[in-house]
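Notes for the structure review
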Amino acid sequence: MIGGAAGQVRVFHDLEALSRAAADLFFTLSHMAIAARKKFTVALSGGSTPATLYSLLGSDEYREKITWQGVHVFWADERAVPKEHPESNYRLADTSLLSKVPLPAGNIHRIGGEKEPQGAAQDYDEEMRQFFGGTQVPVFDLVILGAGEDGHTASLFPGSTSLNEHVRLAAPVFMDLPNIDRVTLTLPVLNHAAHILFLVSGEKKGDILRELLEGEHRDTYPAGLVQPVKGSLEWLVDKDAAALLQNVG
Ligand code: 6PG
């Protein structure tokens with residue numbers, strides 16, 4: 001493991017090993033949070049990387065040891081599509097995880113991808129404020145993120161006005177066609193999480209991972225702006241993604 005301003009970095013042989021470490025961390029953090037406060041709040045991401053983690057969490061091994069009744073699932077972002085759509089982040093998690101575990105329906109706090117993004121972001125913002133209570137920024141126990149080759153994370157893309165959002169908890173993201181519009185958690189929410197976990201896999205992420213972990217301009221990328229206020233930041237990466245890092249043995 002290496003550590004620094006960019007967070008702790010753990011390098012694994014492959015996506016399977018990285019996902020197992022993430023599942024173990026999910027179990028440990030959920031166990032501690034539920035013991036202390038009877039609930040564990042997690043925000044999930046989309047993309048291809050977390051699919052293996054979601055399947056593992058939905059497998060017999062983790063299904064049985066996690067106290068699902070206490071787990072509350074939110075999303076870091078969602079695409080503006082109905083929940084049955086192949087691009088839906090809800091669908092990704094539902095297929096491999098949510099439908100496999102005894103999670104009460106009221107514990108699933110999905111973003112309304114079927115609505116227009118402005119209204120969906122506002123509804124999601126209200127749902128979070130109601131759930132977490134108070135006027136402070138919510139503190140998720142765990143936020144699971146990925147990083148795109150352009151340095152985006154959740155649906156915060158380079159140059160996006162949402163990067164400057166300090167008031168709203170969720171923001172609409174309007175993409176140029178043919179990309180799908182989205183809704184994303186804003187940086188204050190990501191940065192207030194108790195534990196932020198990036199999952200990064202594959203050779204094509206080598207350049208951006210080096211920029212984000214060892215570059216001098218990491219703040220120019222949305223993923224580099226994820227800097228916890230009080231919590232911890234951890235990167236689980238595989239050796240293909242880590243190939244260009246200098247400080248990893
Ligand atoms: C999404 C995401 C997005 C994703 C990155 C990495 O819904 O697309 O939440 O931020 O995490 O694009 O995606 P991969 O895991 O596919 O590399």
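In what follows, the accompanying structure is described. This one's a predicted model, so the numbers in the text were calculated from it and none came from an experiment.

It is worth spelling out the sheet that holds strand β4 (residues 77-79) at this point. Spatial strand order, β4-β7-β6: three strands in an open sheet with antiparallel pairing. The open sheet has two edge strands with one neighbour each: β4 and β6 (170-173). Within the sheet, the average angular offset between the axes of one strand and its neighbour, ignoring direction, is 15°. Summarising the sheet, β6 and strand β7 (residues 182-185) pair through four bridges and their orientation is antiparallel.

Here the focus is the pattern of salt bridges. Scanning the entire structure with this criterion turns up 12 salt bridges. Asp-141 serves as the salt-bridge partner of Arg-37, at 2.4 Å between the closest nitrogen and oxygen. Residue Arg-37 is found in helix α1 (residues 15-37), and its partner Asp-141 is found in the loop between α5 (117-132) and β5 (142-145); the two are separated by 104 residues along the sequence. By relative accessible area, Arg-37 is classed as partly exposed at 48%. Close ionic contact of Glu-84 with Lys-83 constitutes a salt bridge, the shortest N to O distance being 3.4 Å. Here Glu-84 falls in the exposed class, since its relative accessible area comes to 53%.

This brings us to α1. The end-to-end C-alpha distance of α1, which contains 23 residues, comes to 32 Å, matching closely the 33 Å that a straight helix rising 1.5 Å per residue would cover. For α1, the complete set of buried residues consists of Leu-18, Ser-19, Ala-21, Ala-22, Ala-23, Leu-25, Phe-26, Leu-29, Ser-30, Ala-33 and Ile-34.

So, about unusual backbone geometry. In this model, Leu-177 is joined to Pro-178 through a cis peptide bond whose omega is 10°. Note that Pro-178 resides in the loop between β6 and β7. Of note in this structure, Lys-38 is not a glycine but carries a positive phi near 70°. Summarising the element assignment, Lys-38 is placed in the loop between α1 and β2 (40-44).

Right, let's get into the site of the ligand. The full set close to the ligand counts 15 residues, and Thr-49, Arg-79, His-152, Ala-154 and Lys-205 are the nearest of them. Gly-46 places a main-chain nitrogen or oxygen 3.2 Å from an oxygen atom of the ligand. Between Arg-79 and the ligand, the recorded distance is 2.6 Å, taken from a side-chain N or O atom to an oxygen atom. When isolated, the ligand has an accessible area of 420 Å², and the protein chains bury 89% of it. Classifying every residue of the shell around the ligand by side-chain character gives two nonpolar, nine polar and four charged.

Now for the sheet that holds β2. Read across the open sheet, the six strands follow the order β1-β9-β8-β5-β2-β3; overall the sheet is parallel. For this open sheet the edge positions go to β1 (8-12) and β3 (71-75), each flanked by a neighbour on one side alone. Strand-to-strand twist in this sheet, taken as the mean axis angle between neighbours without regard to direction, amounts to 20°. Sheet topology note: the β1/strand β9 (residues 232-238) ladder contains five bridges and is parallel. In the sheet register, Val-9 faces β9, and the bridge partner there is Trp-235.

By the element assignment, Val-71 lies in strand β3. C-alpha separation for the pair Val-71 and Ile-34, spaced 37 residues apart in sequence, amounts to 8.0 Å. Apart from the residues lying within four places of it in its own chain, the contact partners of Val-71 are Phe-26, Ile-34, Phe-40, Val-42, Ile-66, Leu-103 and Asn-107.

Conventions adopted
- Residues numbered from 1 in each chain as written.
- Predicted model: local features only at pLDDT ≥ 70, side-chain atom pairs only at ≥ 80, totals over all residues.
- Heavy atoms only, no water.
- Pairing = 2+ DSSP bridges.
- Helix = DSSP H or I, 4+ residues; strand = E, 2+ residues; numbered from the N terminus.
- Axes fitted to C-alpha atoms, helices over the stretch in contact; angles between N-to-C directions.
- Salt bridge = Lys/Arg side-chain N within 4 Å of Asp/Glu carboxyl O.
- Buried < 20%, exposed > 50% of the residue type's maximum accessible area, 1.4 Å probe, protein only.
- Expected span 1.5 Å × (residues − 1).
- Near = heavy atom within 4 Å.
- Polar contact = N/O pair within 3.5 Å; in protein donor to acceptor, adjacent residues only side chain to side chain.
- Areas by Shrake-Rupley, 256 points an atom, 1.4 Å probe, with all protein chains shown as cover.
- Nonpolar A, V, L, I, M, F, W, Y, C, P; charged D, E, K, R; others polar.
- Contact = heavy atoms within 4.5 Å.

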